[in-house]
Amino acid sequence: MNQLELICALPKAELHVHIEGTFEPELMFAIAQRNQIDIPYQSVEEVKQAYNFHNLQSFLDIYYAGAQVLVHEQDFYDLAWAYFEKCVEDRVVHTEMFFDPQTHTERGVAFATVINGLQRACDDAQTKLGISSNLIMCFLRHLSEDAAFATLEQALPYKDQIIAVGLDSSEVGHPPSKFERVFAKAREAGFLVVAHAGEEGPAEYVWEALDLLKVNRIDHGVRSEEDPVLMQRLIAEKMPLTVCPLSNLKLCVVDDMAQHNIRRLLQQGVKVTVNSDDPSYFGGYMNDNFVAISQALDLSNAELKQLAVNSFEASFISAEEKQKWIEQIQALG
Ligand code: HPA
Ligand code: ZN
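Nothing here was measured: the structure is a model prediction, and the numbers come from that model.

Conventions adopted
Residues numbered from 1 in each chain as written. Chains lettered and ligands numbered in written order. Predicted model: local features only at pLDDT ≥ 70, side-chain atom pairs only at ≥ 80, totals over all residues. Heavy atoms only, no water. Helix = DSSP H or I, 4+ residues; strand = E, 2+ residues; numbered from the N terminus. Rg over C-alpha atoms; globule rule 2.2 N^0.38 Å. Buried < 20%, exposed > 50% of the residue type's maximum accessible area, 1.4 Å probe, protein only. Contact = heavy atoms within 4.5 Å. Areas by Shrake-Rupley, 256 points an atom, 1.4 Å probe, with all protein chains shown as cover. Near = heavy atom within 4 Å. Polar contact = N/O pair within 3.5 Å; in protein donor to acceptor, adjacent residues only side chain to side chain. Nonpolar A, V, L, I, M, F, W, Y, C, P; charged D, E, K, R; others polar. Pairing = 2+ DSSP bridges. Right-handed = clockwise from strand over helix to strand, strands pointing away. UniProt positions renumbered as here; feature names shortened; annotations may be inferred. Phe/Tyr/Trp six-rings, centres within 6.5 Å; stacked < 30°, edge-to-face > 60°. Lys NZ or Arg CZ within 6 Å of the ring centre and 35° of its normal. Donors = N, O, S within 2.8 Å, 3.2 Å for Na, K, Ca; no water. Tetrahedral: all angles 85-135°; square planar, octahedral: opposite > 155°, others 65-115°. Core = buried A, V, L, I, M, F, W, Y, C linked by side-chain atoms within 4.5 Å. Axes fitted to C-alpha atoms, helices over the stretch in contact; angles between N-to-C directions. Left-handed = near helix turned anticlockwise from the far one by under 90°.

**A short note on the overall build of the chain**
Tallying secondary structure elements over the chain gives 17 helices and eight strands in all. Its C-alpha atoms give the chain a radius of gyration of 19 Å, near enough to 20 Å, the size a compact globule of 333 residues would have. Principal axes of the C-alpha set define a box for the chain whose edges measure 50 × 40 × 40 Å. Per-residue burial for the chain yields a buried fraction of 58% across its 333 residues. Excluding contacts between residues fewer than 6 apart, the proportion of contacts in the chain whose partners are at least 24 apart in sequence is 76%. Counting every atom, the chain has about 12,800 Å² of accessible surface; 49% of that belongs to carbon and sulfur.

In structure tokens:
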């Protein structure tokens, strides 16, 4: 099997995808129209031209603006369903997706509207497409600790539908320590925890996510390589990093895919996984990310398989489910 055939054939779990970041311009236009909301673009082409960001903040400004057209439960359903259809194409058989309730509740959309729409899509994905999924609720780190506590409170009635809490948005200047108490309360309530760290922020933020937030996974974490002691800790603890290659390229975390450190991290024994982050904005879904690194870094079939194995090992599914998928991967050529 050549690399492309293998990438297409591998079952994969996606562990780092923001559902609001899967919002394709065509669907954005359709939903804006039916909700009679003005967006500052005349055409799909104009939307795409606006995607010329080169750091996290310039991306986030456009990403939050796009999410403003989501109002009704059906909008959230349609958004998630469109993503599940991409999962089918890419043989993503399990996904743990982030949603940002504060982006919506801040403009008067009820928490229930957001989660009910997403949950209905997740249920349909299981029954109609055979794709399993979990929801991870992210706190926006540029907002206050109080706002995060209030969001956690709103999530408690939906505890059974939310597997974990996470931390996203503008990283630099908003270290994990800002949310230490919120995460302690979330863990007490029984949520698993993840956090974006070491994307634009320094390795120090990864230490904080581990020591203060007590995360089960690090999202991004690519800057951990700057700290050899941290690297040893990640390897020893088998701490997963959910790496997003096309995102890193688009937001200039790396200058060139050939310089991406995912292969070095893998070779050193870090449990790295491949993910799309915000695929509508960053130029591709799961398999596009696999193809980009495979070509730029000349990955072997064994390395591609290891990345797929890691995605299940790092996921929150049962040991039996993990074993089932890993056996399927190992049986491939
Ligand atoms: N980083 C931080 N916050 C985000 C991202 C990201 O890549 N995507 C959506 N919110
Ligand atoms: Zn992200």
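**So, the site of ligand 1**
Near ligand 1 the following residues occur: H18, L56, F59, L60, Y63, D168, S169, H196, E199, H220, D277 and D278. In the environment of ligand 1, a nitrogen atom lies 2.8 Å from a nitrogen or oxygen atom belonging to the backbone of S169. Within the complex, 100% of the 260 Å² of free accessible area of ligand 1 lies under protein. Ranked by residue count, the leading element in the shell around ligand 1 is helix α4 (residues 56–67), at four residues. The residue makeup of the shell around ligand 1, split by class, is four nonpolar, four polar and four charged.

**Details of the pairing of strand β5 (residues 192–197)**
β5 sits mainly inside the fold: five of its six residues count as buried. Strand direction decides the pairing type here: strand β4 (residues 162–168) and β5, joined by two bridges, are parallel. Pairing of A164 across the sheet is with L192, part of β5. Handedness of the crossover joining β4 and β5 through helix α9 (residues 180–188): right-handed.

**Quick notes on the side chain of S294**
Inspection of the secondary structure puts S294 in helix α15 (residues 286–297). Overall, S294 belongs to the buried group, its relative accessible area being 2%. With sequence-adjacent residues up to four places away left out, S294 is seen in contact with Q3, I7, L299 and L304.

**A look at the UniProt feature "site: Important for catalytic activity" (unreviewed entry) in the chain**
Per the UniProt record, the feature "site: Important for catalytic activity" (unreviewed entry) sits at H220. In this structure, H220 sits in strand β6 (residues 217–220). Among the residues examined, H220 registers a relative accessible area of 0% and is labelled buried.

**Focus: the packing of aromatic side chains**
Within the structure shown, the criterion is met by 15 aromatic pairs. Look at F53 and F282: their rings are 6.2 Å apart centre to centre, the planes differ by 85 degrees, and that puts the pair in the edge-to-face class. Of the two residues, F53 is situated in the loop between α3 (44–49) and α4 and F282 in helix α14 (residues 279–282); the sequence distance between them amounts to 229 residues. Here F53 falls in the buried class, since its relative accessible area comes to 5%. Among the residues examined, F282 registers a relative accessible area of 4% and is labelled buried. Their ring planes at 65 degrees and their centres at 5.9 Å tell us that F139 and F183 sit as a pair that is edge-to-face. Within this pair, whereas F139 is found in strand β3 (residues 132–140), its partner F183 is found in helix α9, the two being separated by 44 residues in sequence. Within the aromatic cluster, the residues linked to one another by ring pairs are Y51, F53, F59, Y63, Y64, Y281 and F282. Cation over ring: K159 sits above F191, and NZ or CZ is 5.0 Å from the ring centre. In this structure, R217 is placed above the aromatic ring of F316, and the distance from its NZ or CZ to the ring centre is 4.1 Å.

**Observations concerning the coordination of the zinc ion (ligand 2)**
The protein atoms that coordinate the zinc ion (ligand 2) are H16 (NE2), H18 (NE2), H196 (NE2) and D277 (OD), at distances of 2.1 to 2.2 Å. Each of the four donor atoms bound to the zinc ion (ligand 2) contributes to angles spanning 83 to 175 degrees, and the resulting shape is irregular.

**Topic: the nonpolar core**
Counting residues in hydrophobic clusters, the biggest one holds 111 residues, and the most contacted among them are F84 and F99. Ranked by residue count, the leading element in this core is helix α5 (residues 73–90), at eight residues. In terms of nonpolar packing, the next biggest core, distinct from the first, is built from six residues, C138, A164, V194 and F316 among them.

**Some thoughts on the packing of helix α10 (residues 203–213) against helix α11 (residues 228–236)**
Where α10 meets α11, the axes come as close as 10 Å, and the angle between the chain directions of the two elements is 35 degrees. Our pair here, α10 against α11, has a crossing hand that is left-handed. On α11, the residues that touch A203, V206, W207, L210 and D211 of α10 are V229, L230, R233 and L234. For the contact of α10 with α11, the residue count by class is seven nonpolar, no polar and two charged.

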